[in-house]
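These are the residues of each chain, in order.
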Amino acid sequence: MPRGKRRHAIDMRPSEDDQQSTKRQRNSYQNSRRYSKTDDAFSQKRCLTWFREYTTPDDPDTLGPEGMEKFCEDIGVEPENVAMLVLAYKMGAKQMGFFTQSEWLKGLTDLQCDTASKVQCKLEHLRSLLNDPNTFKIIYRYAYDFARDKDQRSMDIETAKAMLQLLLGKHWPLYAQFAQFLEQSKYKVINKDQWCNILEFSRTISNDLTNYDVDGAWPVMLDEFVEWLRQLRAQPTIS
């Protein structure tokens, strides 16, 4: 019986072009993964390059008020946002409205942030630090030296009211009355002892003031506030 004609075997091996294409795709995928990992990892060099976006050639090692405004815009918060105060605390910043290069690197290395988007992802974490009473107390005390004019030993009353609003405005039921008291008082500055005792007062004295001891070691300012508030509450209301 005669043999049939031998069929040509079909070459299933990929062509040279297909091999090159597959190789390129594999390299592209590997490079993409490598870039993604590199991009996610904190880079001090990238952090420093980012810092330079907010400084000027005249003073490349200090981020000043104009740079601060742009930085706040980039991370999507107002300069008065409490998260900015906590961020300054993390940096160990010495003066409100300014970040030095060393402060910037210290704080953002700790937070592992080298881009605006990474800082945005940390904002809620920064605010949450204030939920711990001990941490809040540390940041509250830090705020006094951070915000006061470095030429003065005390904090001017307008700055003090702004910082008290930021830190206690939402948490101290008597804050509105205390702010009103300051408005009509003779005080032009607040010293550090007064500042620290305001926090202690807000934490320990009840809203009806019944547990306030006039003979206690409170600053005169708080004695005067209690007397003022009691007189205010004693006034007859107009129906």
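The preceding data block contains the structure.
What you see is a predicted model, and the numbers here were worked out from it, not measured in a lab. (Residues numbered from 1 in each chain as written. Predicted model: local features only at pLDDT ≥ 70, side-chain atom pairs only at ≥ 80, totals over all residues. Heavy atoms only, no water.)

Draft legend 1. Layout of a negative patch on the surface. A contiguous patch of negative charge on the surface is contributed by E66, E69, E73, E78 and E80. By secondary structure assignment, the location of E66 is in helix α3 (residues 65-75). (Patch = residues over 30% accessible without salt bridge, like charges linked within 9 Å, V, L, I, M, F, W, Y side chains within 5 Å. Areas by Shrake-Rupley, 256 points an atom, 1.4 Å probe, with all protein chains shown as cover. Salt bridge = Lys/Arg side-chain N within 4 Å of Asp/Glu carboxyl O. Lys, Arg positive; Asp, Glu negative; His and termini not counted. Charge placed at Lys NZ, Arg CZ, Asp CG, Glu CD. Helix = DSSP H or I, 4+ residues; strand = E, 2+ residues; numbered from the N terminus.)

Draft legend 2. Summary view of the environment of K118. Counting through the fold element by element, K118 comes out in helix α6 (residues 116-128). On a C-alpha basis, the gap between K118 and L108 in space is 9.7 Å, while along the polypeptide they are 10 residues apart. At 3.1 Å, the side chain of K118 forms a polar contact with the backbone oxygen of D40. (Polar contact = N/O pair within 3.5 Å; in protein donor to acceptor, adjacent residues only side chain to side chain.)

Draft legend 3. Layout of helix α10 (residues 192-204). Spanning 13 residues, α10 covers 19 Å between terminal C-alpha atoms, matching the ideal 18 Å at 1.5 Å per step. Where α10 is concerned, the buried positions are Q194, W195, C196, N197, I198, L199, F201 and S202. Buried positions along α10 lie against α7 (133-147), β3 (155-156), α8 (157-168), α9 (175-184), β4 (189-190) and α11 (220-234). Regarding α10, its N-cap is N191, as a side-chain oxygen of that residue lies 3.1 Å from the backbone nitrogen of D193 further along. (Expected span 1.5 Å × (residues − 1). Buried < 20%, exposed > 50% of the residue type's maximum accessible area, 1.4 Å probe, protein only. Contact = heavy atoms within 4.5 Å.)

Draft legend 4. Expanded view of the side chain of S185. Following the sequence through the fold, S185 ends up in the loop between α9 and β4. Its relative accessible area of 14% is what places S185 among the buried residues. Polar contacts involving the side chain of S185 include one to the main-chain amide nitrogen of Y187, which spans 3.3 Å.

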